[in-house]
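Observations on the model geometry
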Amino acid sequence: PLRSRFLFLLGVALLFSIIGFVNNIMNLGRDPALRVVLSAVACGVFGSLYAVAGFSLRDRVRVGLAMVPIFVVQTLVMGKIAQYLPTPAMPAVLGAADIARLSHRLQVSGAATILAMALGYASFAVFAGTEGRRHFRVQAEMDLAAEIHQVLVPPVEARIGGWEFYGRSQPSGEVGGDLVDVVEGQRGWVAYIADVSGHGVAPGVVMGMVKSAARMQLTLGGGSANLLPQLNTVLYPLKKPNMFVTLAYLAVSDKGGEYSLAGHPPILHYHAASGQITELECPNLPVGILEHSPFDVGSLQGEPGDVFVLITDGLLEVENRAPGRSSEWPE
């Protein structure tokens, strides 16, 4: 947040401004007053620039490259200040008035050092308190969303007739928005996977509504063909305008097999007989985009040994963390 950023940079500037006052103390209070002020301001400004470079760039190489020109400019500026406002030579003999003046300058520099340290500490303390409270609020929300995810999306390992089902949602971060589920009915089964846009508690609540609405629809015998239209009708007025749900499902009943997708990555079909992989797609919009949206359904054909894979974009977009490795899928 802008306020926290300002407080942090203010603390950095105050901390580095001490250098200007300490230099005057090291020179026994002989620096001109204007030089002390300009040095303190310059040190504070360049200290803040170092902080901005470090936090905005983050990459070590880029940060190092950015530090060099800042340091060069700082050296030039401090050199010009010293050139135009030089430190007077120490008198061979100091009178009472000179000693009093130098003592006063040292006291002022010492007081300014203490004040800058106190104000810098106060800025850091307010920054830490503000960001700490914000962090704990966010962390509490993330923990709650993670708990919701664990309860609603347990691992799937089931067998229905001649079909085997295995599913798992493994969040790439602390909280995921994916839902995997298998519903068995009197006439067959429906396996589906859904991905709610966004992260946090709100998508977790929507994910819970998706699972509840889907299971209600399927267990009451509504049929898989009406699954996406019914979900769209239920979710559209209950979610935020910028939220939506992508979904893909497979369904097998005594009437045959079918599938459909709503803005979701294609279903992968591995043909055991030929060893080939084909993609099952339907050009449907995600659930919750439009109040009234049609959803096409395709027929499902499979042979013994075939494998159908339902995945989310989180698996497709993940990168290989090993350095120098390609993030492309192996053949």
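Now for a look at the structure at hand. Predicted model only: the values in this text are computed from it and were never measured. One numbering rule holds for all chains: residues counted from 1, following each sequence as written. The predicted nature of this model means local features are confined to residues of pLDDT at least 70 and side-chain atom pairs, given and counted, to a pLDDT of 80 or more, with totals for whole chains, interfaces and linings taken over all residues. Excluded from the side-chain calculations are hydrogens and water; all other atoms, namely the structure's heavy atoms, are used.

Quick word on the pattern of salt bridges
In the sections that follow, a salt bridge refers to a side-chain nitrogen of Lys or Arg positioned within 4 Å of a carboxyl oxygen of Asp or Glu. Taken as a whole, this structure holds three salt bridges when the rule is applied. Here E131 and R134 are joined by a salt bridge, their closest N and O atoms 2.8 Å apart. Of this pair, E131 and R134 both sit in helix α4 (residues 96-152), three residues apart, which is roughly one turn of the helix. Residue exposure (1.4 Å probe, protein chains only): buried if accessible area is under 20% of the type maximum, exposed if over 50%, otherwise partly exposed. The exposure class assigned to E131 is buried, which follows from its relative accessible area of 17%. Helix and strand labels come from DSSP, where a helix needs a run of H or I of at least four residues and a strand needs a run of E of at least two; each type is numbered from the N terminus.

Section: the packing of helix α1 (residues 2-26) against helix α2 (residues 33-57)
Here, axes are lines fitted to C-alpha atoms. For helices the fit covers the stretch in contact, and angles between N-to-C directions go from 0 to 180 degrees. Interhelical geometry of α1 versus α2 gives an angle of 140° and a closest axis separation of 7 Å. Accordingly, the angle class assigned to the pair α1 and α2 is oblique. Our pair here, α1 against α2, has a crossing hand that is right-handed. Note on element contacts: α2 touches α1 through V36, S39, A40, C43, G44, G47, S48, A51, V52 and F55, opposite F8, L9, V12, A13, F16, S17, I19, G20, F21 and N24. Nonpolar residues are Ala, Val, Leu, Ile, Met, Phe, Trp, Tyr, Cys and Pro. Charged residues are Asp, Glu, Lys and Arg, and all others, Gly as well, are polar. For the contact of α1 with α2, the per-class residue count stands at 13 nonpolar, seven polar and no charged. Should an angle lie under 35 degrees it is considered roughly parallel, over 145 roughly antiparallel, and from 65 to 115 roughly perpendicular; all remaining angles are considered oblique. Crossing handedness is read from the near helix: turned anticlockwise from the far helix by less than a right angle, it gives a left-handed crossing, and turned clockwise, a right-handed one. Throughout, a residue-residue contact means that at least one pair of heavy atoms, one from each residue, lies within 4.5 Å.

Digging into the packing of aromatic side chains
Whether two aromatic rings pair depends on their centres lying within 6.5 Å, for rings of Phe, Tyr and Trp, where Trp uses its six-membered ring; planes under 30 degrees apart make the pair stacked, over 60 edge-to-face, and the rest tilted. Tallied over the entire structure, the rule returns five aromatic pairs. Summarising the aromatic geometry, the rings of F165 and W189 are spaced 4.7 Å apart at their centres and angled 80° between planes, so their arrangement reads as edge-to-face. Taken together, the residues F165 in strand β2 (residues 163-167) and W189 in strand β4 (residues 188-196) connect sequence positions 24 residues apart. The buried category is assigned to F165, whose relative accessible area is 8%. Three or more aromatic residues link up through ring pairs in this structure, and these residues are W163, F165, W189 and F308.

Comments concerning the pairing of strand β1 (residues 156-160)
Note: two strands are recorded as paired if DSSP finds a minimum of 2 bridges between them. Note that β1 and β2 share five bridges and pair antiparallel. Directly across from E157, in β2, lies its bridge partner Y166.

The values reported here are purely geometric and, on their own, carry no functional implication.
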